[in-house]
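Residues per chain are reported as follows:
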Amino acid sequence: MAGRLEGKVAHITGGGSGIGDATAHLFAREGAKVVVSDLNLGSAEVVAQSLNAAGGDAIALAGDVSRRADCEALIDGTIDHFGRIDVLVNSAGVTPRYAPVEWDFEQKWDWVIGINLKGTMMMSWFAVEQMKKQGSGSIVNMASIIGLVGYHDGMSDGFHPYPHSKGGVVQLTRDMGVGLAKQGIRVNSLCPGFAYTALTETLTANADTHERLKSLHPMGRLGEATEIASAALFLASDEASFITGVNLPVDGGYTAQ
Ligand SMILES: NC(=O)c1ccc[n+]([C@@H]2O[C@H](COP(=O)([O-])OP(=O)(O)OC[C@H]3O[C@@H](n4cnc5c(N)ncnc54)[C@H](O)[C@@H]3O)[C@@H](O)[C@H]2O)c1
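K.L.:
When you look at the site of the ligand in this model, what are you seeing that I'm missing?
P.N.:
In the vicinity of the ligand there are 27 residues, among which Ser17, Asp38, Tyr162, Ala195 and Thr197 approach most closely. Interatomic distance of 2.6 Å between a side-chain N/O atom of Tyr162 and an oxygen atom of the ligand. With the chains in place, 93% of the 820 Å² that the ligand exposes on its own is no longer accessible. At the level of secondary structure, the elements contributing two or more residues to the shell around the ligand comprise α1 (18–29) and α5 (161–179). Of the residues that constitute the shell around the ligand, the class distribution is 14 nonpolar, ten polar and three charged.

K.L.:
I tried to follow the sheet that holds strand β1 (residues 9–13) on my own but got confused; where do I start?
P.N.:
Across a sheet, strands are paired by hydrogen bonds formed along the backbone, either parallel or antiparallel in direction. The strand order across the open sheet formed by seven strands is β3-β2-β1-β4-β5-β6-β9, and the pairing between neighbours is parallel. Each edge of the sheet is formed by a strand with only one pairing partner; in this case those strands are β3 (58–62) and β9 (247–250). The average undirected angle you get between the axes of adjacent strands in this sheet is 20 degrees. Of the pairings in the sheet, the one linking β1 to strand β2 (residues 33–38) comprises four bridges and is parallel in character. Directly across from Val9, in β2, lies its bridge partner Lys33. Lying over the sheet, α1 contacts β1, β2, β4 (87–90), β5 (137–142) and β6 (185–192), oriented at roughly 170 degrees with respect to β1.

K.L.:
Even after reading the chapter, I still don't get the side chain of Lys214, so can you show me in this structure?
P.N.:
Along the chain, Lys214 turns up in helix α7 (residues 207–216). Looking at Lys214, its side chain comes within polar contact range of the side chain of Glu211, at 3.1 Å. Those residues in contact with Lys214, other than ones at most four positions away along the chain, are Tyr196, Gly220, Arg221 and Leu222.

K.L.:
How should I be thinking about the pairing of β2 in this particular structure?
P.N.:
When a strand is regular, its side chains alternate between the sheet's two faces. Judged by how many residues are buried, β2 sits mostly within the fold: five of six residues are covered. You can see the chain leave β1, run along α1 and come back into β2, and the turn it takes is right-handed. Looking at chain direction, β2 and β3 are connected through five bridges and run parallel. Each residue of the ladder has a partner; that of Val36, found in β3, is Ala60. The handedness of the β2 to β3 crossover, carried by helix α2 (residues 41–53), is right-handed.

K.L.:
Explain the pattern of salt bridges here, please?
P.N.:
Charged atoms that come close allow side chains of opposite charge to pair. By the definition in use, this model includes six salt bridges. A salt bridge links Glu239 to Arg4; its shortest N-O distance comes to 2.7 Å. Linking Glu239 in the loop between α8 (225–236) and β9 with Arg4 in the segment before β1, this pair joins segments that are 235 residues apart in sequence. For Arg84, the salt bridge identified is with Asp86, shortest N-O distance 2.8 Å. On the basis of relative accessible area, Arg84 is assigned to the partly exposed category, the value being 31%. By relative accessible area, Asp86 is classed as buried at 8%.

K.L.:
Please explain the packing of aromatic side chains as it appears in this structure.
P.N.:
Across all of its chains, the model carries one aromatic pair by this definition. Their ring planes at 75 degrees and their centres at 5.7 Å tell us that Trp103 and Trp111 sit as a pair that is edge-to-face. Overall, the relative accessible area of 25% leaves Trp103 in the partly exposed class. Since its relative accessible area comes to 25%, Trp111 is described here as partly exposed.

K.L.:
Is there a simple way to think about the environment of Thr197 in this case?
P.N.:
Looking at the secondary structure, you find Thr197 in the loop between β7 (195–196) and α6 (201–204). Take Thr197: its relative accessible area is 16%, and that puts it in the buried class. The sequence separation of Thr197 and Ser144 amounts to 53 residues, and the corresponding C-alpha distance is 14 Å.

K.L.:
Looking at this structure, how should I read the packing of α1 against α2?
P.N.:
In helix packing, the relevant descriptors are the interaxial angle and the interaxial distance, both defined with respect to the helix axes. Where α1 meets α2, the closest approach of the two axes is 10 Å, and the angle between their N-to-C directions is 20 degrees. Between α1 and α2, the crossing angle belongs to the class labelled roughly parallel. Like other packed secondary-structure pairs, α1 and α2 cross with a definite hand, here right-handed. Taken together, the residues of α2 that come into contact with α1 (itself represented by Asp21, Ala24, His25 and Ala28) are Val47, Ser50 and Leu51.

Thresholds applied
Residues numbered from 1 in each chain as written. Predicted model: local features only at pLDDT ≥ 70, side-chain atom pairs only at ≥ 80, totals over all residues. Heavy atoms only, no water. Near = heavy atom within 4 Å. Polar contact = N/O pair within 3.5 Å; in protein donor to acceptor, adjacent residues only side chain to side chain. Areas by Shrake-Rupley, 256 points an atom, 1.4 Å probe, with all protein chains shown as cover. Helix = DSSP H or I, 4+ residues; strand = E, 2+ residues; numbered from the N terminus. Nonpolar A, V, L, I, M, F, W, Y, C, P; charged D, E, K, R; others polar. Pairing = 2+ DSSP bridges. Axes fitted to C-alpha atoms, helices over the stretch in contact; angles between N-to-C directions. Contact = heavy atoms within 4.5 Å. Buried < 20%, exposed > 50% of the residue type's maximum accessible area, 1.4 Å probe, protein only. Right-handed = clockwise from strand over helix to strand, strands pointing away. Salt bridge = Lys/Arg side-chain N within 4 Å of Asp/Glu carboxyl O. Phe/Tyr/Trp six-rings, centres within 6.5 Å; stacked < 30°, edge-to-face > 60°. Parallel < 35°, antiparallel > 145°, perpendicular 65-115°, else oblique. Left-handed = near helix turned anticlockwise from the far one by under 90°.

What follows is the structure in C-alpha cells.
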C-alpha cells in the first residue's frame, strides 16, 4: 500500500528533537523524502541517519530559522537536493525558560518572537516561492494551546513571550491560509497541549508541576510527540485537501474547557 506522503518532499525545521523528530520519522514511514533541519546539526544528522537506516531518503541541514539567510539556504538546499518542496513543517521553537538568565524581558521577547513567529514566517516565505511555481504545497505550523488561550494561573505575568509568539502563529496561519488558497497552497497549524519533549523537561521534572499540568488536561495526562506527529501527517497529506487556515488543538481537551 502506498504511503500517505508517497513521493512528497517534506522539510521539517527543529527536526532534531521532540515533535519534529517524531514527525520526521512518521513522514518517512509514509513515503516522504525528508529534510531534517535544526540549529543543532548533530541532532538533525542523528535523525536523518535513523531515517536512512530504516530505508528512507533523508538529509540533514543546519540552520537558524531566526536568520533570513539561513531560511533561504534551507529551502534552497531542499530544492537543490530533492528538486521541490511539498510540505514544510515549522517545528523549530523555543521557550524563555531556556534563555540566558541575565537577559532582560526585551531580550527574551525578541529571541522567542524571532524564532517562533518570525522564523515561521521567513521559512514559509522562501518555501512559498517554490510552492507557487509548483502550484501546490502544504505548510504545517506548530502553534500551541497557549496561542489560543492565555496561560493558566501562575505561568505568566502577562508579558510572557511564548503565548505572544504562538498567538502570532495562529493568526499568521489564518492569513497565509486565506492569502495562498488560490495558489494551491494550504497553511494550517497544530495547537498542542503540553507534551513530553526536551521543551517541557524542566516542568515535568518537578513532580508537583507535572501533576498540575496533567490535571489541566481533561484527559488527565500530557501528550506524546507521536500524537502531535499523527495530526501533522493528516494536515500535510492530501487527505486534508479542503482544509486551510485552521488551527487544530491536539490537547487532550485543554482548550475545550
Ligand atoms: N512540547 C510541548 O509541550 C509543545 C506544546 C505546544 C507547542 N509546542 C511547539 O512544538 C514545536 C516543537 O517543540 P518540541 O516540544 O518538539 O521542542 P524541542 O525542544 O524538543 O525541539 C525543538 C527543536 O527546535 C530547534 N531549534 C531551536 N531554536 C532553533 C532555531 N533558531 N532554528 C532552528 N532550530 C531551532 C532545537 O534545536 C530543537 O531541536 C515548538 O514550536 C514548540 O513551541 C511544543
